[in-house]
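Structure at a glance
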Amino acid sequence: MIIKKEVIVRNGSGLHARPAAMFVQIANKYSSVIKIVKDGQEVNGKSIMGILMLAAEKGARVVLTVDGVDAEAAAQELETFLLKEKDPEM
Amino acid sequence: MQKGKKDKGKEKKQLQLRGIPAAPGITIGKVYIVGVEDLLPPERNITEQEVPSEISRFKKVLESTRKEIINIEKKISKEMGVEQGKIFSAHLLVLDDPVLSEEVVTRIRKKKKNIETIFAEVLNKYVSVLSEARDEYLRDRISDITDVGKRILRNLIGGDTRGIEGLIDRSIVIAYDLAPSDTAMMHKGSVLGFATDIGGRTSHTAIMAKSLEIPAVVGLENITDIVMPGDTVILDGFHGIVIVNPTKRFIDQYEKEKKKHEHLEKQLIDLKFLPSETLDKRKIILAGNIELPEDVASVISHGAEGVGLYRTEYFFMNRKDLPTEEEQFNAYRSVAARIKPHPVTIRTLDVGGDKFLSQLDVPKDMNPFLGWRAIRFCLARPDVFKTQLKAILRASAFGKLRLMYPMISGIEEFRKANVVLEEAKSELRKKNIEFDKDMPVGAMIEVPSAALTSDALAKEADFFSIGTNDLIQYSLAVDRVNEKIAYLYEPTHPAVLNLIRMTINNGHKENIPVGLCGEVSGDIALAIILIGMGLDEFSSSPIAVPELKKVIRSVSFLDAQKVTEEALKMTTGTEILNYAKAKLMEMVPDIALMN
């Protein structure tokens, strides 16, 4: 199954550093292939480097693509994470 | 090992370098220079046949490096707590990064070069992109990536590299940058301190150094170019100063300073849990001044009861954008929650004067200290002000916060600021966001006109905090930045002392507490006079707290009152200062001797 969602990043300081690490840790729990696209740039959602390169600030519009057997659950959890306003505590 | 000039003069000249204080303490010793520059082996072309073996060598090294990191993580978690160990989870993420290893594999196939060369190329690419990031936190995280990267490189190359592990003698470690894992491997026994070219106060290395209690100075820019093996340096982690090849006079002076601090450390342990009260049981609150949430640790470890001055402008410095409400809220909340149940007095933005913020477009005043600054600026920019007030209000739900406006010159300004505060409150109420309805709101008394009208202010303010640095410069008309007139800057000037006493008395008439924050609060000779005036709270840099507590616990309020009375009969600052010193010697000799 492929799920494609447009999400606006709401994390306190965008998808930077700590939130990026959290995102990767969540993504790694799933077997699905996870991709994030911002402004035409696509990166692997399981790569901390990739996500840091994306430099998605708070308010950035990204497209999340999840492809695999556990796509639904993965997309759900990742979307919730991106929409959380409070900075995650790691 | 070290980069830089080897042809320095025959005679070693003393040189003083200024950096960022990262971890407190003073240490003197020989340097040990950690080099990473020659980690790169010469570039080598490989044949098509060698590609698979280079790739498999890479995979093996990734695996062994992973084990190494897990071991360090365990060690650190055990010795320094789980929080510190967590740093290494970020390292593992980098190590396991699929994009990084895929890119290495793709490039080696295409370029046919040895794995070390390829890996270094890929690593540099990521580091250079990240070093352009606007976010300071993100830039600090580059060290995570280079740390792991260098570890992998070291393992790929094998053999001897001069890492921190090679350190045997007690030395001061000098490096361009220290990786968190390097800092982690430092043992208190063999490392006296460290100094680095780069790094900020929030970098991992600074945090690690603090928790290891090793004095450290970072951000020295070019210390690795300047020191040579065998050099002696003095490292002053309190002030961020490194003195290379110090003269005997400097060594003696710092040895004395060091002894004083060691002595204080001992006292600190004894005093930490004792109440701060006079011999006749008058309670005086001893609080600490902070600039960043990280400073809370020092407040707690020095036995201060709360934060008497949280300077918020550092939040706004060194950045191009304005901090968001959320960002500020997170910082204020974390301070409030950690200091709880003690109070945190948070000062609203004090910009202007000697602190300029590029993004706020504050024009340079001819007379900056008398210009558009602090509360004057905030009232003119309600957008900036209200955002901060909302963040503070929201944080007030998580601890005991007190709000304080800087540079209040009279009651009207105080009222205007409160109007904005009420607006902020009603906006939060509309959104059903919780805050402390009874959060005390006080005025900083640092303009003579405020001190002179403190009777009126005391009727509306919930507390006063006397800001002595500015009060002195305004009442004596002495620019505290100008060295030529520094001799006129007299904390003991009768005019200053009278303004302080007037403020305390007026506050007490309306039953509000009066505290004092500023350098004077840490000026030990004056402490007795201030105690005698009936001051309720001292807030000083946390390191000055034990000394102040010692003084408070050694005098009675009654005797201190007599000292104050005598002092205020005198007519010159010099007379008062000498009298205060003599009294300190008489009443608290061991503290007087150390100063």
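Now for a quick tour of the structure.

1. Examining the sheet that holds strand β3 (residues 41–44) of chain A
Residues and elements named next belong to chain A. Pairing is antiparallel across the open sheet formed by four strands, whose spatial order is β1-β4-β2-β3. The open sheet terminates on both sides in strands that have one partner only, identified here as β1 (2–8) and β3. Ignoring strand direction, the axes of neighbouring strands in this sheet form an average angle of 20°. As judged from the seven bridges shared by β1 and strand β4 (residues 61–67), these two strands associate in the antiparallel manner.

2. Structural notes on the sheet that holds strand β9 (residues 285–290) of chain B
Residues and elements named next belong to chain B. The eight strands lie next to each other as β9-β10-β11-β12-β13-β14-β15-β16, forming a closed barrel whose pairing is parallel. Here the strands of the sheet are splayed against their neighbours by 25° on average, with no regard to which way each runs. As defined by bridge partners, β9 adjoins strand β10 (residues 307–311) across three bridges and the pair is classed as parallel. Considered in β10, the bridge of glycine 288 is made with valine 307. The sheet strands contacting helix α15 (residues 382–395) are β11 (343–347) and β12 (400–405), and the helix crosses β12 at an angle near 160°.

3. Quick word on unusual backbone geometry
Residue and element names in this part refer to chain B. Residues lysine 340 and proline 341 are joined by a peptide bond in cis, for which omega reads 5°. By the element assignment, proline 341 lies in the loop between α13 (325–339) and β11. The backbone of lysine 112 sits at a positive phi, close to 50°, despite the residue not being glycine. Looking at the element boundaries, lysine 112 is found in the loop between α4 (98–111) and α5 (115–130). The partly exposed category is assigned to lysine 112, whose relative accessible area is 22%. In the Ramachandran plot, glutamate 221 falls in the positive-phi region, its phi being about 70° despite a non-glycine side chain.

4. A closer look at the environment of Gly288(B)
Mapped onto the fold, Gly288(B) is located in strand β9. If sequence neighbours within four positions are ignored, Gly288(B) has contacts with Val299(B), Ala304(B), Gly306(B), Val307(B), Gly308(B), Leu309(B), Ser539(B) and Ser540(B).

5. Looking at the packing of aromatic side chains
Residues and elements named next belong to chain B. Per the stated rule, a full pass over the model turns up seven aromatic pairs over all chains. By the ring-pair criterion, three or more aromatic residues cluster together here, those being Phe385, Tyr405 and Phe414. The ring of phenylalanine 329 is capped by arginine 394, whose NZ or CZ atom sits 4.1 Å from the centre of that ring. A cation sits over an aromatic face here: arginine 402 above phenylalanine 463, 3.8 Å from the ring centre.

6. Thoughts on the packing of helix α19 (residues 468–476) of chain B against helix α20 (residues 494–509) of chain B
All names here are of chain B. At a minimum axis separation of 10 Å, α19 and α20 run at an interaxial angle of 125°. Judged on the interaxial angle alone, α20 and α19 are oblique. Along this stretch, α19 crosses α20, giving a crossing that reads as right-handed. The residues of α20 that touch α19, namely those facing Thr468, Leu471, Ile472, Ser475 and Leu476, are Val496, Leu499 and Ile500.

7. A look at the pairing of strand β8 (residues 241–244) of chain B
Two faces belong to every sheet, and in a regular strand the side chains alternate between them. Residues and elements named next belong to chain B. Because side chains alternate across β8, one face comprises the buried residues Ile241 and Ile243, and the other comprises Val242 and Val244, equally buried. In terms of strand pairing, strand β1 (residues 15–18) meets β8 through four bridges, oriented antiparallel. Within β8, the residue paired with glutamine 16 across the bridge is isoleucine 243. Where strand β7 (residues 232–236) meets β8, four bridges bridge the pair, whose relative direction is antiparallel. Within β8, the residue paired with valine 233 across the bridge is valine 244. Between β7 and β8, which follow one another and run antiparallel, lie four residues, and glycine 240 among them has a positive phi close to 75°.

8. With respect to the side chain of Ser539(B)
Residue and element names in this part refer to chain B. Looking at where serine 539 falls in the secondary structure, it is placed in strand β16 (residues 537–540). Within the structure, serine 539 has its side chain in polar contact with the backbone oxygen of glycine 288 (distance 3.4 Å). There is a polar contact of 3.3 Å between the side chain of serine 539 and the backbone nitrogen of glycine 308.

9. With respect to the side chain of Glu277(B)
Residues and elements named next belong to chain B. Looking at the secondary structure, you find glutamate 277 in the loop between α11 (248–271) and β9. A polar atom in the side chain of glutamate 277 sits 3.1 Å from the side chain of lysine 281. In this view, glutamate 277 contacts Arg282, Lys283, Ile552 and Arg553; residues no more than four positions away in its chain are not counted.

10. As for the pattern of salt bridges
All names here are of chain B. Here the structure, examined in full by the defined rule, presents 38 salt bridges over all chains. Across the salt bridge formed by aspartate 536 and arginine 282, the nearest N and O atoms sit 3.7 Å from each other. Note that aspartate 536 is positioned in the loop between α21 (524–532) and β16 and arginine 282 in the loop between α11 and β9, a separation of 254 residues in sequence. Using a relative accessible area of 21% as the deciding quantity, one classes arginine 282 as partly exposed. Glutamate 427 is the partner of lysine 390 in a salt bridge, and the nearest nitrogen-oxygen pair spans 2.7 Å.

Cut-offs and rules
- Going along each chain's sequence as written, the residues are numbered from 1 onward.
- Chains carry letters and ligands carry numbers; both start at the beginning, A for chains and 1 for ligands, and go up in the order they are written.
- Only residues with pLDDT of at least 70 get local features here, since the model is predicted, and only at 80 or more are side-chain atom pairs given and counted; chain-wide, interface and lining totals rely on the full set of residues.
- Note: side-chain values were computed over all heavy atoms of the structure, leaving out hydrogens and water.
- Two strands are counted as paired when DSSP detects at least two bridges linking them.
- The numbering of helices and of strands both runs from the N terminus, where a helix is a DSSP run of H or I of at least 4 residues and a strand a run of E of at least 2.
- Lines fitted to C-alpha atoms define the axes, with helix axes restricted to the stretch in contact, and inter-axis angles between N-to-C directions lie between 0 and 180 degrees.
- Contacts between residues were defined by any pair of non-hydrogen atoms, one from each residue, lying within 4.5 Å.
- Residue exposure (1.4 Å probe, protein chains only): buried if accessible area is under 20% of the type maximum, exposed if over 50%, otherwise partly exposed.
- Aromatic rings from Phe, Tyr and Trp, with only the six-membered ring used for Trp, were paired whenever their centres fell within 6.5 Å, and each pair was classed as stacked if the ring planes differed by under 30 degrees, edge-to-face if by over 60, and tilted otherwise.
- Placement of a positive charge over a ring is assigned whenever Lys NZ or Arg CZ falls within 6 Å of the ring centre and within 35 degrees of the normal to the ring plane.
- Oblique is the label for every angle not falling under 35 degrees (roughly parallel), over 145 degrees (roughly antiparallel), or within 65 to 115 degrees (roughly perpendicular).
- Crossing handedness: left-handed means the near helix sits turned counterclockwise from the far one by under a right angle, and right-handed means the same turn made clockwise.
- For the purposes of these results, a polar contact is taken to be a pair of N or O atoms within 3.5 Å, where, inside protein, one atom must be able to donate a hydrogen and its partner to accept one; residues adjacent in sequence count only when each atom of the pair is a side-chain atom.
- Take a side-chain nitrogen of Lys or Arg and a carboxyl oxygen of Asp or Glu: if they are within 4 Å of each other, that pair is a salt bridge.

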